[in-house]
Amino acid sequence: MKSTAGFYYVRSEDGEITECRARGVFRKQKITPLVGDKVSIETDETRGTVTDIYERKNSLIRPPVANLDKLIIISSVAEPAPNLPIIDKLTAMAVDKNIEPVVVFSKSDLSDASGYVDIYQKAGIESFAVSSKTGEGIEKFRNIFESSVCALTGNTGVGKSSILNAVDPDLALATAHISNKLGRGRHTTRTVELYELFGGYIADTPGFSSLDFENIEIILKENLQFCFPEFDKYIGQCKFVSCAHIGEKGCRICEAVKNGEIPESRHESYKMMYDEVKDYKEWEH
Ligand SMILES: Nc1nc2c(ncn2[C@@H]2O[C@H](COP(=O)(O)OP(=O)(O)OP(=O)(O)O)[C@@H](O)[C@H]2O)c(=O)[nH]1
Ligand SMILES: [Mg+2]
Ligand SMILES: [Zn+2]
């Protein structure tokens, strides 16, 4: 449920939480238990030990979580303004790992979110606006994590913890203004923690700063086209079998962008990501 400074908090079927250390052998194998892991533990009077980690359905490096059904990407419409290339990297990374991405635009009380929401709905990704101030979208938010394991992600200060508090005021999570004095903004949430809510699990995570994106997980160029759900119905229809969909003659995807069937900002992100990995070889992976 939670990991901090080498302690792992494990919830057993009866709901009891046990503070554990990880068995030494995990450190030797360079395996770290992650929030969301299914594990076996052994306990005596003084302490608990994680003895086994079950095979993971998937795992992420940032946020560090395992076995996700959905990744809920939060971006505020203002303070700070959305960064579409980063949202698109996160949605692609989720799809690449068989995790359903959901794109939520927060602080909708500050500015109109509909233009952004449209882009993602058109791309076949669940998207809507929320405001923890007015309550807009909070009901919808509650429904997305019903019977699934989810994690929140997004820049620091976009209101992740505030939304969870609006969903369930009993959580009373710490939230705070972004401090410009510290330059990179202050992270209010410092650890990843999973909460059991409305029949599902949702992890609050520390926000990232844009700098964190320099070493995000790589998606191989062959796989990238499959990480944009709105490309699916055009794949295989381009003039050239080897089409990379970056502006070639007879490219159906580029045509769909021109026709307005595929949002232009999504294709721009695709081209940028393609450019970043085009010289990267599978054996380097
Ligand atoms: N206007 C407005 N402000 C909001 C809303 N939600 C959160 N805020 C403000 O945004 C600031 C950051 O909120 P947090 O919930 O701490 O943000 P966070 O994403 O959890 O930040 P980290 O834990 O650092 O990653 C606080 O000052 C909140 O009051 C909203 O819906 N509307
Ligand atoms: Mg927070
Ligand atoms: Zn093409």
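Keep in mind the model is a prediction, meaning the values are calculated, not measured. (Residues numbered from 1 in each chain as written. Chains lettered and ligands numbered in written order. Predicted model: local features only at pLDDT ≥ 70, side-chain atom pairs only at ≥ 80, totals over all residues.)

Participant: Is there a simple way to explain the packing of helix α2 (residues 84-96) against helix α8 (residues 264-277) in this structure?
Facilitator: For any two helices packed against each other, one specifies the crossing angle of their axes together with the interaxial distance. Where α2 contacts α8, the two axes come as close as 9 Å, and the packing angle between them is 70 degrees. Considering the angle they form, α2 stands roughly perpendicular to α8. Residue-level inspection shows L84, P85, D88, K89 and A92 of α2 in contact with α8, the latter providing S265, R266, S269, M272 and M273. Across the contact of α2 with α8, the residue classes break down as 5 nonpolar, 2 polar and 3 charged. (Axes fitted to C-alpha atoms, helices over the stretch in contact; angles between N-to-C directions. Helix = DSSP H or I, 4+ residues; strand = E, 2+ residues; numbered from the N terminus. Parallel < 35°, antiparallel > 145°, perpendicular 65-115°, else oblique. Contact = placed C-beta atoms within 7 Å. Nonpolar A, V, L, I, M, F, W, Y, C, P; charged D, E, K, R; others polar.)

Participant: I tried to follow the site of ligand 1 on my own but got confused; where do I start?
Facilitator: Around ligand 1, the surrounding shell holds 22 residues, and the nearest of these are G159, S162, T175, T189 and G207. At 3 residues, the largest contribution of residues to the shell around ligand 1 is made by helix α5 (residues 160-167). Across the shell around ligand 1, the residue classes tally to 4 nonpolar, 14 polar and 4 charged. (Near = placed C-beta within 6 Å.)

Participant: Sorry if this is basic, but what is going on with the environment of Y234 here?
Facilitator: Locating Y234 in the fold gives a position in the loop between α6 (221-224) and α7 (252-258). Spatially, the C-alpha atoms of Y234 and S75 are 29 Å apart, while their sequence positions differ by 159 residues. Those residues in contact with Y234 that lie beyond four places of it in its chain are R252, I253 and A256.

Participant: Quick question: what am I supposed to make of the confidence of the model for the protein here?
Facilitator: A low pLDDT means the predicted coordinates there should not be read in detail. On average, residues of the protein score 91 in pLDDT, and 94% of them are at 70 or above. Below pLDDT 50 for its whole length, residues 180-184 participates in 1 contact with residues either more than four positions away or in separate chains. (pLDDT = per-residue confidence, 0-100.)

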